[in-house]
Amino acid sequence: MAMNPGPAPQPVPSAVSAVSASASASAASPTVALDLGGRTALVTGAAGGIGRACALRLAAAGAKVRAVDRDGAGLEDLVGQSRDLGLAGAVEPLTLDLTDLGAAEDAAAGTDVLVNNAGLQLVRPIEEFPPDVFHTVLTVMLEAPFRLMRGALPQMYAKGWGRIVNLSSVHGLRASAYKSAYVAAKHGLEGLSKTAALEGAAHGVTSNCVNPGYVRTPLVERQIADQAAAHGIPEERVLAEVLLKHSALKRLVEPEEVAEAVAYLCTPQASFVTGASLALDGGWTAH
């Protein structure tokens, strides 16, 4: 979707403009000890970006992963990548549009680990924001997670164990101009996650949010290119002066870093962590 560039960026010291790919080298391999053998995980938005990283990470931990996305070709590519990594048979692709809420709820039946990740973005001032797009964003990013939880919780409760991980955002904790639907959906997801934590506690089910800043995904890379063209500045300046303006660490988060946080929340060591929001925002919310 096209973007509204918003206000022109203001200059910042050049010392913060460098973004090094090597800064995230530590995310290259899994580090959290996790055994999900015999468990079934469902990951939405699994065809690319954070969702793909989460699907592969949970499969590497031994889970049978239902990979849900409306991008069937992307899911097949994910299955091929899982085979290349020695995880043949671990990823089950399910092409599904999450606006089909009944199908989403049915897909979550029998799930032990639910990762609500799917999302979409449109940047517009409120008075120009298309109501149909606002409705779609809220459907995919808030109502669908509710329906997925509704489908997954009965078996989680019956087993006395379950993990719900909601991929929120720094925008679930802070607002930004021109992102009314996205911010509203993420703030709503935070409340839904906390409610699920309170209800699930007696049944061995935890529910948490992971709140990354800007992640190196195709969606964000398109935003960078669009902003660079709109403002007539190099992409490096877009990172430092626009996207990462409020972040103390001037780099993008890697999808594998987010997946590792998701993995941690599924470990026995995190069994007392529930109703929480884990910020991976480079210090954005420290302001």
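Residues numbered from 1 in each chain as written. Predicted model: local features only at pLDDT ≥ 70, side-chain atom pairs only at ≥ 80, totals over all residues. Heavy atoms only, no water.

In the nomenclature of an unreviewed UniProt entry, the protein chain is known as 3-hydroxybutyrate dehydrogenase of Streptomyces spongiicola. Recorded in UniProt for the protein chain, the comment headed Sequence similarities (unreviewed entry) runs: "Belongs to the short-chain dehydrogenases/reductases (SDR) family." (UniProt positions renumbered as here; feature names shortened; annotations may be inferred.)

J.: So what's going on with the packing of helix 4 (residues 131-159) against helix 5 (residues 180-200)? Which residues, and what values?
T.: Between two packed helices, what matters for the description is the angle formed by their axes and the separation of those axes. In the contact formed by helix 4 and helix 5, the axes pass within 8 Å of each other and the chain directions differ by 15°. In terms of their interaxial angle, helix 4 and helix 5 are classed as roughly parallel. Along this stretch, helix 4 crosses helix 5, giving a crossing that reads as right-handed. Between helix 4 and helix 5, the residues in contact are Phe134, Val137, Leu138, Met141, Leu142, Pro145, Phe146, Met149 and Tyr157 and Ser180, Ala181, Tyr182, Ala184, Ala185, Lys186, Gly188, Leu189, Leu192, Ala196, Glu199 and Gly200, respectively. Among the residues forming the contact of helix 4 with helix 5, the class breakdown is 16 nonpolar, three polar and two charged. (Axes fitted to C-alpha atoms, helices over the stretch in contact; angles between N-to-C directions. Helix = DSSP H or I, 4+ residues; strand = E, 2+ residues; numbered from the N terminus. Parallel < 35°, antiparallel > 145°, perpendicular 65-115°, else oblique. Left-handed = near helix turned anticlockwise from the far one by under 90°. Contact = heavy atoms within 4.5 Å. Nonpolar A, V, L, I, M, F, W, Y, C, P; charged D, E, K, R; others polar.)

J.: Talk me through the packing of aromatic side chains; I want residue IDs and the actual numbers.
T.: For the coordinates displayed, the defined rule picks out two aromatic pairs. Consider the rings of Phe129 and Phe134, whose centres lie 6.1 Å apart with planes at 85°: the pair is edge-to-face. Its relative accessible area of 8% is what places Phe129 among the buried residues. For Phe134, a relative accessible area of 31% puts it in the partly exposed group. Here the aromatic rings of Tyr214 and Trp284 are separated by 6.0 Å at their centres, their planes lie at 25°, and the arrangement is stacked. (Phe/Tyr/Trp six-rings, centres within 6.5 Å; stacked < 30°, edge-to-face > 60°. Buried < 20%, exposed > 50% of the residue type's maximum accessible area, 1.4 Å probe, protein only.)

J.: Could you give me a rundown of unusual backbone geometry, with the residues and numbers involved?
T.: The phi angle of most residues is negative, glycine excepted, and most peptide bonds adopt the trans form. The backbone phi angle of Tyr178 is positive, close to 75°, even though this residue is not glycine. Looking at where Tyr178 falls in the secondary structure, it is placed in the loop between strand 5 (162-167) and helix 5.

J.: Mind laying out the pattern of salt bridges, listing which residues take part and the relevant values?
T.: Taken as a whole, this structure holds nine salt bridges when the rule is applied. Note that Arg150 is salt-bridged to Glu105, the shortest N-O span being 2.7 Å. Of this pair, Arg150 sits in helix 4 while Glu105 sits in helix 3 (residues 101-107), placing them 45 residues apart in sequence. You can call Glu105 buried: its relative accessible area is 14%. Between Lys159 and Asp112 there is a salt bridge, with its nearest N and O atoms 3.0 Å apart. (Salt bridge = Lys/Arg side-chain N within 4 Å of Asp/Glu carboxyl O.)

J.: Outline helix 7 (residues 235-243), supporting the account with residue identities and numerical values.
T.: Within the span of helix 7, buried status applies to Val238, Leu239, Ala240, Glu241 and Leu243. Buried positions along helix 7 lie against helix 6 (218-231).

J.: Tell me about the packing of helix 1 (residues 49-60) against helix 2 (residues 72-84), residues and numbers included.
T.: Close contact between helix 1 and helix 2 brings their axes to 11 Å; oriented N to C, the two are set at 35°. The element helix 1 and its partner helix 2 pack so that their crossing is right-handed. Here Arg52, Ala55 and Leu56 of helix 1 lie close against helix 2, whose contacting residues are Gly74, Asp77, Leu78, Gln81 and Ser82. In terms of residue class, the contact of helix 1 with helix 2 is made up of three nonpolar, three polar and two charged.

J.: So what's going on with the sheet that holds strand 6 (residues 205-212)? Which residues, and what values?
T.: Across the sheet, which stays open at both edges, the seven strands sit in the order 3-2-1-4-5-6-7 with parallel pairing between neighbours. Strand pairing shows two members of the sheet lacking a second neighbour, strand 3 (91-95) and strand 7 (277-280), which therefore form its edges. If you compare each strand with its neighbour and ignore which way they point, the axes differ by 15° on average. Sheet topology places strand 1 (residues 40-44) next to strand 2 (residues 64-69); five bridges connect them, and they run parallel. Paired with Val43 across the two strands is Ala67, which belongs to strand 2. (Pairing = 2+ DSSP bridges.)

J.: Now, about helix 2: what can you tell me, with residues and values included?
T.: Three or four residues apart is the spacing at which side chains of an α-helix point the same way, because the helix has 3.6 residues per turn. Relative to the 18 Å expected for 13 residues at 1.5 Å per residue, helix 2 spans 19 Å between its end C-alpha atoms, a close match to the ideal helical length. Within helix 2, burial applies to Gly74, Leu75, Leu78, Val79, Gly80 and Ser82. Next to the buried residues of helix 2 lie helix 1, strand 2 and strand 3. You can read the cap of helix 2 off the contacts: a side-chain oxygen lies 3.3 Å from the backbone nitrogen of Ala73, and it is on Asp71. In the segment just after helix 2, Gly86 is the residue with positive phi, at about 80°. (Expected span 1.5 Å × (residues − 1). Polar contact = N/O pair within 3.5 Å; in protein donor to acceptor, adjacent residues only side chain to side chain.)

J.: Requested: an account of the pairing of strand 5, with residues and values cited.
T.: Burial analysis of strand 5 places six of its six residues in the buried class, which makes it a mostly covered element. Side chains Gly162, Ile164 and Asn166 project from strand 5 onto one buried face, and the interleaved Arg163, Val165 and Leu167 project onto a second face that is buried too. Pairing of strand 4 (residues 113-116) with strand 5 involves four bridges; the strand directions are parallel. Paired with Val113 across the bridge in strand 5 is Arg163. Once the chain exits strand 4 it traverses helix 4 before rejoining the sheet at strand 5, and the crossover so formed is right-handed. Bridging between strand 5 and strand 6 involves six bridges; their strand directions are parallel. (Right-handed = clockwise from strand over helix to strand, strands pointing away.)

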